[in-house]
There are 2 protein chains.
Amino acid sequence: MKVGVIGGGAIGLLVASYLHEQYDVTIYTRRQEQADLLNRQKLRLIKHGNEQNIPVRAIPFGWERVEADLLFITVKQYDLAHVIEQWNEWSETATLIFLQNGMGHIRLLSQLKQRNVVIGVVEHGALKRDDRTVEHTGIGKITLSLFQGQFGRLKRLLNASIPDFPIGYEEDWYGMLTKKLVVNALVNPLTAVLRVRNGELLNVHEYKEMMRLLFTEVCAALALSNGEEAWEHIVRICEKTANNRSSMLSDLEQGRKTEIEAILGYVMEKGNERNIPTPLCQFLFHAVKGMEGRDWNE
Amino acid sequence: MKVGVIGGGAIGLLVASYLHEQYDVTIYTRRQEQADLLNRQKLRLIKHGNEQNIPVRAIPFGWERVEADLLFITVKQYDLAHVIEQWNEWSETATLIFLQNGMGHIRLLSQLKQRNVVIGVVEHGALKRDDRTVEHTGIGKITLSLFQGQFGRLKRLLNASIPDFPIGYEEDWYGMLTKKLVVNALVNPLTAVLRVRNGELLNVHEYKEMMRLLFTEVCAALALSNGEEAWEHIVRICEKTANNRSSMLSDLEQGRKTEIEAILGYVMEKGNERNIPTPLCQFLFHAVKGMEGRDWNE
């Protein structure tokens, strides 16, 4: 079975690392240099301090027609519109698996007529060390949910049981994404603005108060019914990832663009539609946008 | 004329430096070591890179009755309750001049029956370098306003015209304090949480948006009528002090307690009385309280 992975970021490299053993994997990168490096020096996976060098095929995205049974689209939400424009160049029978954060990508998927589309939520910790190296910093799972069409050959993957790379299934894609969105909407901006690891949102009493205030606003904007359950879920995630720096904090530290639009931007939009004010979301949205591209240590 | 200064912080040392030439000045310090150092090594004023060593008298606060015609109370708002308890030990004819930030101290002044009480607002930049050294980093002014009783011998000071230390007068103490409070409520918490100099609140478009959101909320909570005028005032202050680190940012950087209660705490209280929600104030209040006493560079 042919597996394609669009995007050579942390998640793209992680997916390629774990699927390579059972499948024929091709990575589609944005830059030719990264493809060259991966072809020449192999893909390196670091886990528990051990290195593994994995032979993969890599091609710059757009150079040739994408032939795949399963196609993982792992680019960030803000690059997705550009990638999705080329869906005509992807083999018609491929099952498309979208692994973006937030909710901003859902509206783009309507362009994909008569395709098999699956949405996934990634709960692994993964850091891209360099263009060919990914470190698996936290073993989690990927949960998939059918958005339209059929699972197709993806079914095999659900039964594959790859060690340290479990793949689960969830019936309700909207509920699944929303649950992840709420975690992202709280943990990401708060850790980024306060410049702390995830666990500090629980350890520092006042930060937990901030998270609670933001949570109340986000729940109202998204019209969440299962408030306390969602809160417990967030607390568990913070405990489990206490020592991690969130992706948004890392993005800002590294001077990269964040995914704030797909996360808080979506919450604000939903609030707006429902006439629910979202002052804290707006405030944090501006804070993160203002911090993007500024020197972190000035 | 005898001038007493309670508090050996930046403002206390600054006031003592400038009044010493014309008046007989005594500084009342919290710690004996500071009084000893000031008596032994003199008070040092740094301005434009030049040093001046000024002979002053210093006594630990509480050791003896305070004999003064004018008594400047310069301790931070959160130390004021303790200081004010001893007002019986201050000479009855003294005019008391309170130079705290925020509004939290006003309710304490009701304890001072039949005293001459004046409130002042300080717009100087001053940094305490060590226990005997203050740097005058920004020449501004002090504005005084009568709270109760009479100006008494303070009138002389209004006509003194001391170079680099102008003293102005304002009829409406409430309006004067509110104007300063709004500046403090915006510039202090925002610069502290974003970790930027005052000017960045104007330079970074998104930070200015945050300031505007917070301004709207503070205006509503305080029922300010002259909104645009207040906003222009804040913008001017940020421009004039663009290169300064706010006192709250400095406090957090140095691991000191901030004056957040007297500033945002007061705004939240006023909002509460008027049934105006203040989510941004609450959020920033928690952020600053959470940051107090934490390692800034962890």
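Reading the values: rules and limits
- Residues numbered from 1 in each chain as written.
- Chains lettered and ligands numbered in written order.
- Predicted model: local features only at pLDDT ≥ 70, side-chain atom pairs only at ≥ 80, totals over all residues.
- Heavy atoms only, no water.
- Axes fitted to C-alpha atoms, helices over the stretch in contact; angles between N-to-C directions.
- Helix = DSSP H or I, 4+ residues; strand = E, 2+ residues; numbered from the N terminus.
- Parallel < 35°, antiparallel > 145°, perpendicular 65-115°, else oblique.
- Left-handed = near helix turned anticlockwise from the far one by under 90°.
- Contact = heavy atoms within 4.5 Å.
- Nonpolar A, V, L, I, M, F, W, Y, C, P; charged D, E, K, R; others polar.
- Phe/Tyr/Trp six-rings, centres within 6.5 Å; stacked < 30°, edge-to-face > 60°.
- Buried < 20%, exposed > 50% of the residue type's maximum accessible area, 1.4 Å probe, protein only.
- Buried area = accessible area lost by both parts, 1.4 Å probe.
- Salt bridge = Lys/Arg side-chain N within 4 Å of Asp/Glu carboxyl O.
- Polar contact = N/O pair within 3.5 Å; in protein donor to acceptor, adjacent residues only side chain to side chain.
- 1 Å grid on protein atoms, 1.4 Å probe; cavity = no way out; pocket = protein on both sides within 12 Å on 5 of 7 lines; lining within 4 Å.
- Points joined across faces, edges and corners; volume = space filled by probe spheres on them.
- Domains from an automatic or database assignment.
- UniProt positions renumbered as here; feature names shortened; annotations may be inferred.
- Pairing = 2+ DSSP bridges.
- Right-handed = clockwise from strand over helix to strand, strands pointing away.

A.B. asks: Would you mind showing me how to read the packing of helix H5 (residues 173-194) of chain A against helix H8 (residues 227-240) of chain A here?
C.D. replies: Each packed pair of helices is defined by two parameters, the angle between the axes and the distance between the axes. Residue and element names in this part refer to chain A. Two elements in contact, H5 and H8, have axes separated by 10 Å at closest approach and are oriented at 60°. Taken together, the axes of H5 and H8 lie oblique to each other. Judged by the twist between their axes, the crossing of H5 over H8 is right-handed. Residues Lys179, Val182, Val183, Leu186 and Val187 of H5 lie in contact with H8, whose contacting residues are Trp231, His233, Ile234, Ile237 and Cys238. Classifying every residue of the contact of H5 with H8 by side-chain character gives 8 nonpolar, 1 polar and 1 charged.

A.B. asks: How do you make sense of the packing of aromatic side chains when you look at a structure like this?
C.D. replies: Each aromatic ring pair is described using two quantities: the centre-to-centre distance and the angle formed by the ring planes. All names here are of chain B. By the definition in use, this model includes 10 aromatic pairs over all chains. Centre to centre, the rings of tyrosine 18 and phenylalanine 165 are 4.7 Å apart; their planes meet at 5°, and the pair counts as stacked. Pair noted here: tyrosine 18 is in helix H1 (residues 10-19) and phenylalanine 165 is in the loop between helix H4 (154-158) and strand S12 (167-169), with a separation of 147 residues, a long-range link. You'll find tyrosine 18 and phenylalanine 165 in the same group, each marked buried. Seen from their ring centres, phenylalanine 215 and tryptophan 231 are 5.1 Å apart, and the 55° between their planes marks the pair as tilted.

A.B. asks: Would you mind going over the interface of chain B and chain A with me for this structure?
C.D. replies: Residue-level contacts link 24 residues of chain B with 24 residues of chain A. When the buried surface of chain B facing chain A is broken down by residue, Phe283(B), His286(B) and Arg294(B) rank first, second and third, together holding 28% of it. Taken together, the links from chain B to chain A amount to 2 salt bridges. A salt bridge links Arg294(A) to Glu200(B), with the shortest nitrogen-to-oxygen separation between them at 3.0 Å. At the surface where chain B touches chain A, the tally comes to 2 residue pairs in polar contact (both at pLDDT 80 or more). Within the residue set of the side of chain B that touches chain A, elements represented by two or more residues are helix H5 (173-194), helix H7 (205-222) and helix H11 (279-291) of chain B. With 10 residues, the single largest contributor to the side of chain B that touches chain A is H11(B). When the residues that make up the side of chain B that touches chain A are grouped by side-chain class, the tally is 15 nonpolar, 3 polar and 6 charged.

A.B. asks: When you look at empty space enclosed by the protein in this model, what are you seeing that I'm missing?
C.D. replies: Gaps between atoms show up when a probe of the same size as a water molecule is rolled over them. Enumeration according to the criterion identifies 4 cavities of 30 Å³ or more in this entry. Taken as a whole, the largest cavity encloses approximately 60 Å³ of empty space. The wall of the largest cavity is formed by Val193(A), Met210(A), Phe283(A), Leu284(A), Ala287(A), Pro189(B), Leu190(B), Val193(B), Leu194(B), Met210(B), Phe283(B) and Leu284(B). Secondary-structure elements contributing two or more residues to the lining of the largest cavity are helix H11 (279-291) of chain A together with H5 and H11 of chain B. It is H5(B) that provides the largest number of residues to the lining of the largest cavity, a total of 4 residues.

A.B. asks: I keep staring at the side chain of His233(A) and nothing clicks. Help me out?
C.D. replies: One can find His233(A) in helix H8. Apart from the residues within four sequence positions on either side, His233(A) is in contact with Lys179(A) and Val183(A).

A.B. asks: It is not clear to me how the side chain of Thr95(A) should be interpreted in this structure. Could you clarify?
C.D. replies: Residue and element names in this part refer to chain A. Take threonine 95: it is sitting in strand S7 (residues 95-98). A polar contact of 3.1 Å, which involves the side chain of threonine 95, links it to the backbone oxygen of phenylalanine 151. Those residues in contact with threonine 95 that lie beyond four places of it in its chain are Asp69, Leu70, Leu71, Asn116, Val118, Gln150, Phe151, Gly152, Arg153 and Leu154.

A.B. asks: How should I be thinking about the domain arrangement of chain A in this particular structure?
C.D. replies: Residue and element names in this part refer to chain A. Domain boundaries assigned for chain A yield domain 1 (2-171) and domain 2 (176-291). Taken over C-alpha atoms, the centre of domain 1 sits 25 Å from the centre of domain 2. Residue-level contacts link 19 residues of domain 1 with 15 residues of domain 2. Taken together, both faces of the contact between domain 1 and domain 2 bury some 1600 Å²; the carbon and sulfur share is 61%. Interface area lost by domain 1 to domain 2 is led by Tyr78, Asn101 and Met103, which between them contribute 40%.

A.B. asks: How do you make sense of the UniProt feature "domain: Ketopantoate reductase C-terminal" (unreviewed entry) in chain A when you look at a structure like this?
C.D. replies: The positions UniProt marks with the feature "domain: Ketopantoate reductase C-terminal" (unreviewed entry) are residues 175-292 of chain A. Between the first and last C-alpha atoms of residues 175-292 of chain A the distance is 30 Å; the span itself is 76% helix and 0% strand.

A.B. asks: Is there a simple way to think about the pairing of strand S1 (residues 2-6) of chain A in this case?
C.D. replies: Residues and elements named next belong to chain A. Of all the 5 residues making up S1, 4 are buried; the element is thus mostly covered by neighbouring parts of the structure. Inspection of the sheet shows S1 paired to strand S2 (residues 24-29) by 5 bridges, in the parallel sense. Bridge pairing in S2 places valine 3 opposite valine 25. In terms of handedness, the path from S1 via helix H1 (residues 10-19) over to S2 forms a crossover that is right-handed. By the bridge criterion, 4 bridges tie S1 to strand S6 (residues 70-73) in an arrangement that is parallel. For valine 5, the partnering residue across the bridge sits in S6 and is phenylalanine 72.

A.B. asks: How should the environment of His20(B) be read in this particular structure?
C.D. replies: Residue and element names in this part refer to chain B. Residue placement: histidine 20 occurs in the loop between H1 and strand S2 (24-29). Considered as a pair, histidine 20 and leucine 99 are 79 residues apart in the sequence and their alpha carbons are 18 Å apart. Among residues more than four places away in sequence, those in contact with histidine 20 are Val25, Ile54 and Pro55.

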